[in-house]
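# Descriptive structure summary
If you want the building blocks of each chain, they are given just below.
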Amino acid sequence: MQTNGIFNWCGSKSYVSPRHSAIKIENIHNSLSGLQPGWFRDCAFYHIWIKGFCDSNGDGVGDLPGIVSRLDYIKERLGCDAIWLSPVFDCGGKGAAADSNMHGYDTVDYYSVNPLFGTDEQLDTLLSEAHKRNIKVIFDFVPNHTAVTHPWFVDSARGLNGKSDWYVWNNEPLDGWVPMGANPHTWFSPEKTADVLLNEPMYETQRKSLSALKSGVNCKRYYYGAFGPVMPDLNYRNAEVREEMKNVVRYWLNRGFDGIRVDAVRYLVEETGADGAFGADTIDTAETHRFFAELRRDVIDAYAQLGYPKCMVAEANMHGDRTLLESYFGTPEAPEFSMLFDFDFAAAVYQMVTGFDSFAPAAGFMKETGRKRLPALSVKACFLSNHDNPADRPASVYAEPNRLKLATAISLLLPAVPFIYYGNEIALENAPGYTGMHDIRFRNAFDFAEAERQCSVPDSLLALHRSLLVLRREHPALRRGDLVPLYSPYRAITAYYVTFEKDAAVCVFNNGTEPLEEIPLHPANGTVPNFRFACAYSSEPSVSRTLDVRQSENARPYAVLSGLPAAAFAVFVPITNC
């Protein structure tokens, strides 16, 4: 098979976007001032699926004015001080119906808001109102692919306006391009794709673009789409594509966003495989890392130099390979992402909470928090579920309320950045009627009546979120601390202590079905601070109000908790800090 120059570099290095936006102080508007580098490490993020969150005008679609109307809920009732907006830009597949899975990762215009969500001006208002409340906002940036109906792709398929090489094309489908492992079909004909989509109701607004694809003179070629035929991959060996996508980030950061969540980072740039097997290396390539280091250096860090530090969060969806995951932090000399989502976390919590196995695999996550030789201020981000298929909503996983609270607590009490998916704080379950890979089950409507009810219930799940987020704000050790596991003879116990500068905290969880008494807690290395701890929060009132520190036979201090009920947890802080 011939590759027709797929791996050749192309495009003009002097290219300037028609929507060019430079990083200059006079171009930065609506931005939150006074942020310090690494501000994101102290935040708790609220992840909003816009369509499902709050509908302000009764059309059945959540929207930007709806989010503005609920900012006080997010900040005061819940306690989050940052928001991740799911894709907000105009997309190919649209639908207002509840069963219409408008995901937004098929972008048709990176410079305008999805009209079902609102207007560019309403987005400006959201940023302004959020910043008045010291709420930071990041947007979902989708650099790997566009919609098949994006004007860039239509021009590329037709060989117009200099866009021929903006996507990955070949004269015939290629074998071995299987980044997801399961689907061997990743090369598509634009003409056939257009034929299919012309009959899809969600693409009603895209008929003009689809008709142009059918009639294009160059439509006999095949394009690569790692995520399927409706989302063709951009060509990052084209200097113009690289500059255009950097400009997208600059445009919206200049407009007031505080950072970006970057979608599908593992698949950006393809490389030749071993022994010349073209296309064999479609994930985690060196060129992919080079681009993100470039984006960090040229765009993200440039704002910090002007006094507006931004953050950059990676969706590097993988399991079981911590070294590979952490490669997306980059190096101190060439940093890449500020934060990495930990896709092992939800499963590890499940094993801990329901498997009664306190340190396998949850301990693997805990022990990774102190890794060295990473860029300054790098941090992991944890979540129990999100809009995608890594895990079901927690309330659909944990039938027992106390188990749900255990899972929630550990997600908020580790020195990582917590991301709370909208509705999880009120025990919203998966939408009924969907199974398997139907991710629409995670994108259901928020229940504000239930949220209002839980606001007045002291032991509600919402109240737990609020209390623990307050505790995080009060104790930097819970946000930035070095973590040391504490081992107990009881397998049901998960415990650790965290220290940061003059602050410390001890967290203890009983994952078992029986209450435990006289629980010794021995540090994995070193010693616990030799002073008394007081209980700052407990899920059960019967928990001892203090945590004693005693001397072992070898004179090393260890902690002792007098008792902990089943499916309960407690957080202790030094008495001098109470």
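The rules behind these values
Residues numbered from 1 in each chain as written. Predicted model: local features only at pLDDT ≥ 70, side-chain atom pairs only at ≥ 80, totals over all residues. Heavy atoms only, no water. Helix = DSSP H or I, 4+ residues; strand = E, 2+ residues; numbered from the N terminus. Rg over C-alpha atoms; globule rule 2.2 N^0.38 Å. Buried < 20%, exposed > 50% of the residue type's maximum accessible area, 1.4 Å probe, protein only. Contact = heavy atoms within 4.5 Å. Lys, Arg positive; Asp, Glu negative; His and termini not counted. Charge placed at Lys NZ, Arg CZ, Asp CG, Glu CD. Expected span 1.5 Å × (residues − 1). Domains from an automatic or database assignment. Salt bridge = Lys/Arg side-chain N within 4 Å of Asp/Glu carboxyl O. Core = buried A, V, L, I, M, F, W, Y, C linked by side-chain atoms within 4.5 Å. Pairing = 2+ DSSP bridges. Axes fitted to C-alpha atoms, helices over the stretch in contact; angles between N-to-C directions. 1 Å grid on protein atoms, 1.4 Å probe; cavity = no way out; pocket = protein on both sides within 12 Å on 5 of 7 lines; lining within 4 Å. Points joined across faces, edges and corners; volume = space filled by probe spheres on them. Nonpolar A, V, L, I, M, F, W, Y, C, P; charged D, E, K, R; others polar. pLDDT = per-residue confidence, 0-100. Parallel < 35°, antiparallel > 145°, perpendicular 65-115°, else oblique. Left-handed = near helix turned anticlockwise from the far one by under 90°.

With that out of the way, let us pick up the overall build of the protein. Summing up its helical and strand segments, the protein has 17 helices and 21 strands in all. The C-alpha radius of gyration computed for the protein amounts to 25 Å, which stays within 12% of the reference 25 Å derived for 578 residues, consistent with globular compactness. The principal-axis extents of the C-alpha atoms in the protein amount to approximately 80 × 55 × 50 Å. The proportion of buried residues among the 578 residues of the protein is 60%. Relative to all contacts within the protein whose residues are 6 or more apart in sequence, the contacts with residues 24 or more apart total 75%. Within the protein, the 69 negative side-chain charges are centred at a point lying 3 Å from the centre of the 54 positive side-chain charges.

Turning our eyes to something else, we now look at helix H14 (residues 401-412). When the terminal C-alpha atoms of H14 are compared, their 17 Å separation across 12 residues agrees well with the 16 Å that a helix rising 1.5 Å per residue should span. Within H14, 10 of the 12 residues are buried, which leaves it mostly tucked inside the rest of the structure. Listed as buried for H14 are Arg-403, Leu-404, Lys-405, Leu-406, Ala-407, Thr-408, Ala-409, Ile-410, Ser-411 and Leu-412.

Interfaces are often sized by the amount of accessible area the parts lose when they come together. Taken domain by domain, the protein holds domain 1 (25-144 + 234-474), domain 2 (151-224) and domain 3 (481-574). Put simply, the middle of domain 2 and the middle of domain 3, counted by C-alpha atoms, are 58 Å apart.

Here we take up the pattern of salt bridges. Taken as a whole and assessed by the stated rule, the structure comprises 29 salt bridges. Between Asp-140 and Arg-261 there is a salt bridge whose closest N-O contact spans 2.8 Å. Pair noted here: Asp-140 is in strand E5 (residues 136-141) and Arg-261 is in strand E9 (residues 259-262), with a separation of 121 residues, a long-range link. Between Arg-242 and Glu-294 there is a salt bridge, and its shortest N-O distance comes to 3.1 Å. In this pair, Arg-242 is assigned in helix H8 (residues 239-255) and Glu-294 in helix H9 (residues 286-305), connecting sequence segments 52 residues apart. Each member of the pair, Arg-242 together with Glu-294, is buried.

Leaving glycine aside, a negative phi is the common case for residues, and trans is the common case for peptide bonds. Unlike most non-glycine residues, Asn-134 shows phi in positive territory, near 60 degrees. Along the polypeptide, Asn-134 turns up in the loop between helix H4 (120-132) and E5. Even without glycine at this site, Asn-161 takes up a positive phi of about 55 degrees. Along the chain, the position of Asn-161 falls in the loop between helix H5 (151-158) and strand E6 (169-170).

What follows deals with the nonpolar core. Counting residues in each nonpolar core, the largest one holds 130 residues, and the members touching the most others are Tyr-46, Phe-53, Leu-85, Ile-260 and Leu-413. The leading source of residues in this core is H8, at seven residues. Apart from residues no more than four positions distant in its own chain, Ile-260 is found in contact with Ile-138, Phe-139, Phe-141, Val-249, Leu-253, Leu-295, Ile-300, Cys-311, Met-312 and Val-313.

Pairing between the strands of a sheet is mediated by backbone hydrogen bonds and can be parallel or antiparallel. Here eight strands make up a closed barrel; going around it, the order is E1-E2-E5-E9-E10-E11-E12-E13 and the pairing parallel. The sheet shows a mean angle of 25 degrees between the axes of neighbouring strands, taken without regard to direction. By the bridge criterion, two bridges tie strand E10 (residues 311-314) to strand E11 (residues 339-341) in an arrangement that is parallel. By the bridge assignment, Val-313 is partnered in E11 with Met-339. Sheet strands in contact with H9 are E9 and E10, and its direction is about 160 degrees off that of E10.

Tallied over the entire structure, the rule returns seven cavities of 30 Å³ or more. Volume-wise, the largest cavity comes out at about 110 Å³. Taken together, 15 residues form the lining of the largest cavity, with Leu-384, Ser-411, Phe-419, Ile-420 and His-465 sitting closest to its centre. Listing elements by their share of the lining of the largest cavity, those giving two or more residues are H14 and strand E13 (417-421). Classifying every residue of the lining of the largest cavity by side-chain character gives 10 nonpolar, five polar and no charged.

Okay, the layout of surface pockets next. Each pocket or cavity is described by its volume, and for the largest pocket that value is around 730 Å³. Together, 29 residues line the largest pocket, and Phe-227, Asp-388, Asn-389, Asp-439 and Arg-443 are the ones closest to its centre. Taken together, the residues of the lining of the largest pocket break down into 14 nonpolar, eight polar and seven charged. Taken domain by domain, the makeup of the lining of the largest pocket includes at least three residues from each of domain 1 (25-144 + 234-474) and domain 2 (151-224).

Moving on, we come to the confidence of the model for the protein. Taken over all residues, the pLDDT of the protein has a mean of 91, while the share at 70 or more is 93%. Contacts of residues 275-279 to residues separated by more than four positions or lying in other chains number 13 contacts, the stretch itself having pLDDT below 50.

Note on strand geometry: in a regular strand, side chains alternate between the two faces of the sheet. Burial analysis of strand E16 (residues 503-510) places eight of its eight residues in the buried class, the great majority of the element. Taking every second residue as pointing to the same face, both faces of E16 are buried, with Asp-503, Ala-505, Cys-507 and Phe-509 on one and Ala-504, Val-506, Val-508 and Asn-510 on the other. As defined by bridge partners, strand E15 (residues 493-500) adjoins E16 across eight bridges and the pair is classed as antiparallel. Across the sheet, Ile-493 pairs through a bridge with Asn-510, a residue of E16. The antiparallel hairpin formed by E15 and E16 contains two residues in its connecting segment, where Glu-501 sits at a positive phi of about 50 degrees. Inspection of the sheet shows E16 paired to strand E21 (residues 568-574) by five bridges, in the antiparallel sense. Note on E21: the bridge partner recorded for Val-506 is Phe-572.

For the rest of this paragraph, the subject is the packing of H14 against helix H16 (residues 461-474). H16 packs onto H14 with a crossing angle of 25 degrees between their chain directions and a minimal axis gap of 10 Å. If you check the angle between H14 and H16, you find them roughly parallel. Regarding H14 and H16, the two cross each other, and that crossing is right-handed. Residue-level contacts link Leu-404, Lys-405, Thr-408, Ala-409 and Leu-412 of H14 to Leu-461, Leu-464, His-465, Leu-468, Leu-469 and Arg-472 of H16. For the contact of H14 with H16, a count of residues per class yields seven nonpolar, two polar and two charged.

With that out of the way, let us pick up H16. The first and last C-alpha atoms of H16 sit 20 Å apart over 14 residues, in line with the 20 Å expected at 1.5 Å per residue. For H16, the set of buried residues is Leu-461, Leu-462, Ala-463, Leu-464, His-465, Leu-468, Leu-469, Leu-471 and Arg-472.

Turning next to the pairing of strand E12 (residues 379-382). In E12, alternate side chains face the same way, and those of Val-379 and Ala-381 on one face and Lys-380 and Cys-382 on the other are all buried. With three bridges joining them, E11 and E12 adopt parallel strand pairing. Across the sheet, the residue bridging to Met-339 is Val-379, located in E12. Two strands pair when backbone bridges link them, and E12 and E13 are joined in this way by two bridges, in the parallel orientation. Its bridge partner lying in E13, Ala-381 is registered against Val-417.

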